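# Per-entry structural report
Chain residues, written in single-letter form:
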Protein chains: 2
Amino acid sequence: MKQAMPNWLKKRAFLTPNRPAVSFEGRTITFAELYQSVFNMAGKLAASGLKRKQFAGVLLRNHPDSAVMLLALQLLGVRAVILNNRLSAEELIWQLEDSQAAFLISEELFAEKRERIGRMLPELPQLTKERLSEVNFVEPDECTEIDMDEICTIMYTSGTTGHPKGVIQTYGNHWWSATGSVLNLGLHENDCWLCTVPLFHISGYSILMKSIIYGMKMVLHEKFDPGKTVQDIESEHVTIMSVVSTTLTRILEHLQGDKLPDYFRCMLLGGGPASLPLLEECVAKDIPVYQTYGMTETSSQIVTLAPEDSIRKLGSAGKTLFPSQLKVIAEGNREAAVHEAGEIVVKGPNVTTGYLNREETSKQDIRDGWLHTGDIGYVDEEGFLFVLDRRSDLIISGGENIYPAEIEGVLTSHPSIMDAGIIGRKDEKWGEVPAAFIVQKSPVTESELLEYCSQRLAKYKIPKYFYFIDEIPRNASKKILRRELRTWFSSKNK
Amino acid sequence: MKQAMPNWLKKRAFLTPNRPAVSFEGRTITFAELYQSVFNMAGKLAASGLKRKQFAGVLLRNHPDSAVMLLALQLLGVRAVILNNRLSAEELIWQLEDSQAAFLISEELFAEKRERIGRMLPELPQLTKERLSEVNFVEPDECTEIDMDEICTIMYTSGTTGHPKGVIQTYGNHWWSATGSVLNLGLHENDCWLCTVPLFHISGYSILMKSIIYGMKMVLHEKFDPGKTVQDIESEHVTIMSVVSTTLTRILEHLQGDKLPDYFRCMLLGGGPASLPLLEECVAKDIPVYQTYGMTETSSQIVTLAPEDSIRKLGSAGKTLFPSQLKVIAEGNREAAVHEAGEIVVKGPNVTTGYLNREETSKQDIRDGWLHTGDIGYVDEEGFLFVLDRRSDLIISGGENIYPAEIEGVLTSHPSIMDAGIIGRKDEKWGEVPAAFIVQKSPVTESELLEYCSQRLAKYKIPKYFYFIDEIPRNASKKILRRELRTWFSSKNK
């Protein structure tokens, strides 16, 4: 049966108008105030020509105004193509064209990127929050009912092919992610979730959704800062926070010997496997860490370690959330035995229905509702998942996913480069950073390549190391043998 | 998109095997043990011939074995027609025939009713839990995945016509009821729900579902007893309990001056509007009461008063749960103004899709997903619902719904009775009890009528008062004017 539900924010503002909704730099607004701002912004967006079921690119930083913008798009039934604001103008243009976005909504802060996009896509109407504030309000045609199968957001993620794909996230996906999480973490009246992760990632967007669905305060930071984090956990009475290994490490450093307050009950740790020493340090310091595994395609966590197992199963990502399922597929397309590694395959109402305008890829990656993640892991005799490796070639740098093929594509487009290979290199601060192996066609310097990359790639994707070699090792089907590059690399370091 | 989910109990036993699941008379079993018993029972039921999508009548008392039976039917994908064990054999037979039940599952306790059913329905295979314990186990074909649109349970409820109708409750209905409640009441790690209401009512069945979906202990009592209630709130660390006005009153009486422990956080008060003095007494005694409004057709609560409003809006049933919606329809089929009374109309994923084998009635009562409840109420300027009256003729006696038309049908079938009318009369213990007005065809005594009713009606439906009058007041379309009966009644009492 088709499931309809009242618009979440409108319903929340009706149910608990006076509860705190979003807090930013010491200022807190209630759900009633948030809805009023969203309604107002929806009126201005409608007046600017946005229509239901259109795709609109959204390029914003973490700020309450951005939450208002994202929620206004929901209220209008406009599908938000949420852009990573660290991407280069070229990368953004690619996603805007791929999604056939009818508008770009941004802010003055990104003037330079907006101008470059404007030059390349002169037909694409651009709106900024600053200019929207001067637009006359027109009574918006609110989507008072949500169709759970309707597209809510598109977030791009790259695959092994190098071309980013737009992950479709329906309202249902976000809903089930939020309710699946509540059945694991519980919901206390005083809960408050600190969001220092980007709203343009599913990690941040899902906190915004939880805030509205749960009626829970979200404390929003523009970016992660360990001092501000520790301070706000105290002053804003934060009980839950989403972290990745690098940010958790920096919080521990900042805390030195200090403890977090008793009411703080969960560090939700995502973004790749965490090191055991880090987890053990948290246990020693009474910091409740819940390791979790998820991705854009699962609309945030799909596997999380339950309270009672957080210490006993240190290092595990846990078990699937209540509504979801998991299998490990070993070679030969059979279900792996206990402790046998294989590809992690997941299913559930929080799992994407597919990639935007990519029917073939969607069919290949999602079969009978089962998403083939490409990640490698195993389950133990009790069914706990241990993630061994994200997609074999994936680099995770400070919580951002980097796909080697994308960087290789940029490098090999340079006239002086014959071939290129990218692998991750361990890094104290970021966990990993990309390192490039280059085969030259004609002489080229590292600084020329840096300049070339910086025009085409987000900063975090630019290789931090360049190695010039004679040949990129490839197998018979011309696939890069990254393992050999890693071996080469470690032998060099000896 | 069709939503599939792992079988709830199986998933719960996998996620948190060692958490306490059901506690009964001091003995507690874990979710792993519960699943083991359910799996075992499913094997015995399968061996006895039960098949997926069949309907099976279930006649049981409150007991862990009954919970096991109900969950075993879920595991097999058998649709449970859950029978009110207070009904007479004749009433049970009617429901078994109407639902075309392929089996009757019961227990020795109900031997007399079972025998009468056996005489009337000799073709209907009967199973008892006692005899099932001796059946050889056969590996059951588990429904490892739940289809949310599939029928889980049928519960009969009467309407104004007097014929009980089987309310279809899908897995989705139960799921959404449980998650809608959690977004209102929250979910604490130590939560424990006391169930003294019947498992055959949606009030009890929904606690069983919550226990499994939340991973929460349910304390089960065979029947309500105020002393045992107060004792178990202490000894079992109960935090939430479902009550109706009469049981709440008796708990207050039993408590005398004593308070409930601090961790006890919610008396969920359903089953008809509560009196203001009762609510005020609870406020005075620090007993947290959450008034709620719901029915079999909404798979338990659909409107509940949120924590922050429980005192400010004393007497209100609250606002709709997050996923649901409500309208009040005044005369002329228009939405009522604020404070204007009208019919309460509700919508949501917890609302039934219709009545079993009654397409016409279903279409009439449920239009565009909106269920016309027949209940009367209004909303105030903030949107809080105040229920004025359940279906104008409904009698609520100790939490059981009694439909006058059903009793009238039995009475007029008596050869000495020309006409009959039933209204509710206030009662100190039960809230209301049925009172009968009789027009005789030939002389008949009260005791003859009592005997006649007791063979055909559940005990709580048998009129406690008989008044012999000359004519039942009826309007032009021959509908009984119950208001005039009530007036007659109060004038007599002066």
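Residues numbered from 1 in each chain as written. Chains lettered and ligands numbered in written order. Predicted model: local features only at pLDDT ≥ 70, side-chain atom pairs only at ≥ 80, totals over all residues. Heavy atoms only, no water.

## Re the sheet that holds strand β27 (residues 431-440) of chain A
All names here are of chain A.
- Pairing within the open sheet is mixed, and its 3 strands lie in the order β26-β27-β28. Single-partner strands in this sheet number two, and they are β26 (417-427) and β28 (465-468). Along the sheet, successive strands turn relative to each other by an average axial angle of 25 degrees, direction set aside.
- Relative to the sheet, helix α13 (residues 404-412) contacts β26, β27 and β28, its axis offset from that of β26 by approximately 145 degrees. (Pairing = 2+ DSSP bridges. Helix = DSSP H or I, 4+ residues; strand = E, 2+ residues; numbered from the N terminus. Axes fitted to C-alpha atoms, helices over the stretch in contact; angles between N-to-C directions. Contact = heavy atoms within 4.5 Å.)

## Regarding the sheet that holds strand β16 (residues 300-304) of chain A
- Spatial strand order, β3-β2-β12-β11-β13-β14-β15-β16-β17 (chain A): 9 strands in an open sheet with mixed pairing. The sheet terminates laterally at β3 (27-30) and β17 (319-320) of chain A, the two strands that pair on one side only.

## Thoughts on the interface of chain A and chain B
- The interface is formed by 42 residues belonging to chain A together with 42 residues belonging to chain B.
- Taking both partners together, chain A and chain B bury about 3,900 Å²; carbon and sulfur atoms supply 56% of that area.
- Joining chain A to chain B, the criterion identifies 2 salt bridges.
- The tally of links from chain A across to chain B stands at 17 residue pairs in polar contact (both at pLDDT 80 or more).
- At 5 residues, helix α1 (residues 8-15) of chain A tops the list of elements feeding residues into the side of chain A that touches chain B.
- Its residues assigned to classes, the side of chain A that touches chain B shows 22 nonpolar, 9 polar and 11 charged. (Buried area = accessible area lost by both parts, 1.4 Å probe. Salt bridge = Lys/Arg side-chain N within 4 Å of Asp/Glu carboxyl O. Polar contact = N/O pair within 3.5 Å; in protein donor to acceptor, adjacent residues only side chain to side chain. Nonpolar A, V, L, I, M, F, W, Y, C, P; charged D, E, K, R; others polar.)

## Description of the packing of aromatic side chains
- Applying the stated criterion across every chain, the model contains 21 aromatic pairs over all chains.
- Note on Trp176 of chain A and Trp175 of chain B: the rings are 5.6 Å apart at their centroids and 25 degrees apart in plane angle, and the pair reads as stacked. In this pair, Trp176 of chain A is assigned in helix α7 (residues 171-185) and Trp175 of chain B in helix α7 (residues 171-185), connecting two distinct chains.
- The class of Trp176 of chain A is buried, set by a relative accessible area of 2%.
- Classification of Trp175 of chain B by relative accessible area gives buried; the value is 0%. (Phe/Tyr/Trp six-rings, centres within 6.5 Å; stacked < 30°, edge-to-face > 60°. Buried < 20%, exposed > 50% of the residue type's maximum accessible area, 1.4 Å probe, protein only.)

## Concerning unusual backbone geometry
Residues and elements named next belong to chain A.
- One non-glycine residue, Asn357, lies in the positive phi region at around 55 degrees.
- Along the chain, Asn357 falls in the loop between β20 (342-347) and α12 (359-365).
- A relative accessible area of 51% places Asn357 in the exposed class.

## A look at the nonpolar core
- Grouped together as the largest cluster of nonpolar side chains are 140 residues, with contacts concentrated most on Trp8 and Leu45 of chain A together with Trp8 and Leu45 of chain B.
- Apart from residues lying up to four places away in sequence, Trp8 of chain B is in contact with Phe322 of chain A together with Gln74, Ile146, Met148, Tyr171, His174, Trp175, Met209, Ile212 and Ile213 of chain B. (Core = buried A, V, L, I, M, F, W, Y, C linked by side-chain atoms within 4.5 Å.)

## With respect to helix α3 (residues 64-76) of chain B
All names here are of chain B.
- Across its 13 residues, α3 extends 18 Å between first and last C-alpha, which sits within 8% of the 18 Å expected from 1.5 Å per residue.
- A large share of α3 lies buried, amounting to 12 of its 13 residues.
- Those residues of α3 that fall on the buried side of the exposure criterion are Pro64, Ser66, Ala67, Val68, Met69, Leu70, Leu71, Ala72, Leu73, Gln74, Leu75 and Leu76.
- Count one or two residues on from α3 and you reach Gly77, which has phi positive near 75 degrees. (Expected span 1.5 Å × (residues − 1).)

## A closer look at the relation of the copies chain A and chain B
- Placing chain A over chain B gives an RMSD of 0.0 Å and needs a rotation angle of 180 degrees, together with 0.0 Å of translation along the axis. When the rotation and shift are considered jointly, the pair of chain copies conforms to a two-fold rotation axis. Closest to the rotation axis within chain A is the C-alpha of Leu187 of chain A, separated from it by 2.4 Å.
- The residues that chain A uses at the interface reappear at the interface of chain B in 100% of cases, marking a shared surface. (Least-squares fit on C-alpha atoms with pLDDT ≥ 70 in both.)

## As for the domain arrangement of chain A
Residue and element names in this part refer to chain A.
- Per the domain assignment, the segments making up chain A are domain 1 (4-385) and domain 2 (395-492).
- Computed from C-alpha coordinates alone, the two centres of domain 1 and domain 2 are separated by 29 Å.
- Taking both sides of the interface into account, the surface hidden between domain 1 and domain 2 amounts to around 1,300 Å²; carbon and sulfur atoms contribute 52%.
- Interface area lost by domain 1 to domain 2 is led by Arg86, Glu91 and Thr246, which between them contribute 32%.
- Here domain 1 and domain 2 share 2 salt bridges between them.
- A salt bridge links Lys461 to Glu91; the nearest nitrogen and oxygen atoms lie 2.6 Å apart.
- The tally of links between domain 1 and domain 2 comes to 8 residue pairs in polar contact (both at pLDDT 80 or more).
- At the level of secondary structure, the elements contributing two or more residues to the side of domain 1 that touches domain 2 comprise α4 (89-98), β9 (151-158) and α10 (245-255).
- For the side of domain 1 that touches domain 2, the class distribution of residues is 4 nonpolar, 12 polar and 5 charged. (Domains from an automatic or database assignment.)

## Some remarks on the packing of α1 of chain A against helix α2 (residues 31-47) of chain A
Residue and element names in this part refer to chain A.
- Across the interface, α1 lies against α2 with an axial gap of 8 Å and an inter-helix angle of 145 degrees. The hand of the α1/α2 crossing is left-handed. Note on element contacts: α2 touches α1 through Phe31, Ala32, Leu34, Tyr35 and Val38, opposite Leu9, Lys10, Arg12 and Ala13.
- The residue inventory of the contact of α1 with α2, partitioned by class, reads 7 nonpolar, no polar and 2 charged. (Left-handed = near helix turned anticlockwise from the far one by under 90°.)

## A few points about α7 of chain B
Residue and element names in this part refer to chain B.
- For α7, with 15 residues, the first-to-last C-alpha span of 21 Å sits near the 21 Å given by 1.5 Å per residue.
- Along α7, 15 of the 15 residues are buried, which leaves the element largely enclosed by surrounding structure.
- Once α7 finishes, Gly186 follows within two positions and takes phi at roughly 75 degrees, a positive value.

## Things to note about the packing of α7 of chain A against α7 of chain B
- As a packed pair, α7 of chain A and α7 of chain B sit with axes 11 Å apart at the nearest point and diverge in direction by 70 degrees. If you check the angle between α7 of chain A and α7 of chain B, you find them roughly perpendicular. Contacts between α7 of chain A and α7 of chain B pair Trp175, Trp176, Val182 and Leu183 of chain A from the former with Trp175, Trp176, Val182 and Leu183 of chain B from the latter.
- For the contact of α7 of chain A with α7 of chain B, a count of residues per class yields 8 nonpolar, no polar and no charged. (Parallel < 35°, antiparallel > 145°, perpendicular 65-115°, else oblique.)

## Observations concerning the environment of Asn62 of chain A
Residues and elements named next belong to chain A.
- As for its placement among the helices and strands, Asn62 is situated in the loop between β4 (55-58) and α3 (64-76).
- Between the alpha carbons of Asn62 and Tyr290 there is a distance of 24 Å; along the sequence they are 228 residues apart.
- Within the structure, the side chain of Asn62 is placed 2.9 Å from the backbone oxygen of Val197, a separation counted as a polar contact.
- Within the local environment of Asn62, its side chain forms a polar contact with the backbone oxygen of His221, the two atoms lying 3.0 Å apart.

## Structural notes on the state of the cysteines
Residue and element names in this part refer to chain B.
- In this structure the tally under the stated criterion is 0 disulfides over all chains.
- The cysteine Cys266 is free of any disulfide, with Cys282 supplying the nearest cysteine sulfur at 12 Å.
- Residue Cys266 is classed as buried on the basis of its relative accessible area, which comes to 1%. (Disulfide = S-S within 2.5 Å.)

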